[in-house]
Amino acid sequence: MTQELLHPLLTGFPPEDRELVSELLADPQAPSWRAHCFSLGYQWFNQEHPADELTRFGFGLASILQRDQADIVTELLLGFATAREDRHSHEWSERWQKRVAELDGLHRIVSAANSTVSLDASLLTVVETVAEVMGSDVCSIFLFDRDRSLLLLRATHGLNPGAIGEVSIRLGQGITGLAAQEGQPIAVADVAHDYRVHNDSRLNEQAYRSILCVPIILFARHNADFAGDRLQGVISVQTVSTRSWHEEEIHFLEVVAGELAFFISNAQRYQETDERLHQKIRELTTLQQVSSAIATTLDLQTVLNLIVDQAVVLSRVDRADIFQSGDELDSLQLLASCGGQWDERLRRVIMRTVTEGHPLAVVNAYDDVRFPELAAVAYSENYHSLFCIPLRIGARIMGVIALYTRQQRYFDYEQVQLLSTFADEAAIAIENARLYREAQRSLKIKSTLLQEMHHRVRNNLQTISALLNMQLRRLEPESSGAQVLAQSAGRIQAISAVHNLLCREDIGFTTIQEIAQQVVDGVRMGLVGEKPVHFQVVGTSVTISSREATVVALIINELIDNALSHGLAAEGGLIEVAGWLEDTQVLLEVRDDGPVHPEGPGKSSSGLGLSIIETLVTTDLGGTFTFSRDEQWARARITFPHTQPLLATSEDGLDP
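How each quantity is defined
- Residues numbered from 1 in each chain as written.
- Predicted model: local features only at pLDDT ≥ 70, side-chain atom pairs only at ≥ 80, totals over all residues.
- Heavy atoms only, no water.
- Helix = DSSP H or I, 4+ residues; strand = E, 2+ residues; numbered from the N terminus.
- Buried < 20%, exposed > 50% of the residue type's maximum accessible area, 1.4 Å probe, protein only.
- Contact = heavy atoms within 4.5 Å.
- Pairing = 2+ DSSP bridges.
- Axes fitted to C-alpha atoms, helices over the stretch in contact; angles between N-to-C directions.
- 1 Å grid on protein atoms, 1.4 Å probe; cavity = no way out; pocket = protein on both sides within 12 Å on 5 of 7 lines; lining within 4 Å.
- Points joined across faces, edges and corners; volume = space filled by probe spheres on them.

S.K.: Even after reading the chapter, I still don't get the overall build of the chain, so can you show me in this structure?
M.R.: Counting its regular elements, the chain contains 16 helices and 18 strands. Looking at the chain as a whole, 43% of its 656 residues are labelled buried. If you take every contact in the chain between residues at least 6 apart in sequence, the share linking residues at least 24 apart comes to 63%.

S.K.: Quick question: what am I supposed to make of unusual backbone geometry here?
M.R.: Across the chain, the bulk of peptide bonds are trans and the bulk of non-glycine residues have phi less than zero. The residue Ser149 is not glycine, and still its phi comes out positive at about 55°. Mapping Ser149 onto the fold places it in the loop between strand E1 (138-145) and strand E2 (150-157). The backbone of Asn382 sits at a positive phi, close to 65°, despite the residue not being glycine. Residue position: Asn382 is located in the loop between helix H11 (374-381) and strand E10 (385-393). Taking the relative accessible area as the measure of exposure, Asn382 reaches 41% and is therefore partly exposed.

S.K.: Looking at this model, I keep getting lost on the environment of Val237. Mind explaining?
M.R.: Within the secondary structure, Val237 is located in strand E6 (residues 230-239). Separated by 110 residues in the primary sequence, Val237 and Val127 place their C-alpha atoms 8.8 Å from one another. Not counting chain neighbours up to four residues away, the residues in contact with Val237 comprise Val130, Met134, Ser136, Val138, Cys139, Ser210, Ile211, Leu212, Trp245 and Leu253.

S.K.: What am I meant to see in the sheet that holds strand E11 (residues 396-405) here?
M.R.: Strand pairing within a sheet occurs via backbone hydrogen bonds; the two strands may be parallel or antiparallel. Spatially, five strands are ordered E8-E7-E11-E10-E9 in an open sheet, and the strand pairing comes out antiparallel. Edge strands, defined here as strands with exactly one partner in the open sheet, are strand E8 (332-338) and strand E9 (360-362). When strand polarity is set aside, the average angle formed by the axes of neighbouring strands in this sheet is 20°. As paired elements, strand E7 (residues 319-325) and E11 share six bridges and run antiparallel to each other. Pairing of Ala320 across the sheet is with Leu403, part of E11.

S.K.: So what exactly am I meant to see when it comes to empty space enclosed by the protein here?
M.R.: The gaps left among the atoms become clear once a water-sized probe is rolled over them. Enumeration over the complete set of coordinates arrives at three cavities of 30 Å³ or more. Its volume calculated, the largest cavity comes out at about 70 Å³. Forming the walls of the largest cavity are Leu346, Ala365, Leu374, Val377, Ala378, Tyr383, His384, Ser385, Leu386 and Tyr404. For the lining of the largest cavity, the elements supplying multiple residues, two or more each, are H11 and E10. Looking at the lining of the largest cavity element by element, the count peaks at three residues for H11.

Worth remembering: the numbers are spatial, not functional.
Here it is as structure tokens:
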């Protein structure tokens, strides 16, 4: 084969390789002939020429160079094989580098999925990682909204970020919607030639030519899984230039979609659990508020208004009513309402709940055969569903709580439990109010009877006192009999003064100051024509019970009588009655300024008054009695435990 015959075979070689052939032909015996042949075989492979043509080329070259054909062909084929191995090694190197990049990307995706950051932040990390690993210009994730059956853009790298949360795609719409509907990956090398493409102007995606969409599906773990395969969304990648998507790229994006399916499902479950937890916290807080209101106030309307308001909020209904049923048939009273006006056409539904004693649900008021009259109410009031729960105390049904929704609604177990709790709270509030009203009526009757009793006792005591005074006027004023009758009349008058205080409307309690003033007024009236004596009632107001009031009145009367008979017998003076409270002890002091006056003749005493005082203080009051004297005052002090009397309550609520 001549050089002219070799020339056509060299046309595919670059100029430097042609020079190698020329050098071989110019000096066939040069030592570098083997290296030149190896290089020619290497370039032959790179130029995509077949091996058999290289062999023919070697035969021709050997004849020109006048060398052994085997040597020439061997060197050429050795270069050819080396080039082929180098290419295979390079391809494997690129492939492994790509696999390492994919594994690194999957690691970052899994790390983002397992992190504690928000769902949106994790999805943003995923789209940035996928775009980097696959060398795409755009990566986007659409999540499936089951309630609206739409794909909603939640994350993107390369498209308009302002479209996140705004752009939605219907199932079957465009390549993205079609991949979601079919549940299979869809690859388009050039969207310009695909009629299925749908562009949204808000995404600014007109410049991108190729697209690969893979559905995000959470596959059922086994055939018995009733939920089946569930669509979670779609992940897509796009490039500016046309691109044929390889199986390895599609497989990688499917792996990413599989990881996302678990991640999105877990995130949604976590969000649902978090929402349910917050809902439970709101429910418990509300129930605590309702229970607190029931415990701290007897204002029935306040409690019931709170219950219906919170029932609307927590149960996510449009209206709530609370009814009370009476003893008479078909007796029904609306106690509280939130969200609308009572319609008389609902009476039969409410009364059915009362008579049957269990919850009643109307899912579709427009066509419920049990209550055909509800259709007119549904059209006029725009209510679709109705749910009623009886208010029960023991076996007695006292009313109903009713809830209304404008959308068709099934109330699940947890919602029924919450509403049952509201019903129980409302029943307790109504029952408490009823019991309180009965207690108020009973207390009012007893108070009236007790006032009448005190009034009659006072009158009888005053009659006895008048009889004693009539008898006293027939005796000698200085005789011992007259003194005894006077003391007895004074004691009876003191007891009468207490009953005079207790027959007022604030029955059941009085103060030491009021008792002292009544006793002082009675004594002052009996001192007409006697030596001048001044009285003062001082101290802080100390409330005591009716039983203690009678004892205190007798004690004050005896102490004043003792002061008049001894310390102030010469020329009169000053008597002070003081009462105050120290911690849990009541202190009562009756003092006179007898030490600053001369001693008078005094009156003989049997000691009965002192004996009466000590007995009353120790036995009836459980206290102590002391007597002291200094340069200015003679002091008689009584100390006894303070017991807070039960105050009367108003009909509007409990006193604080």
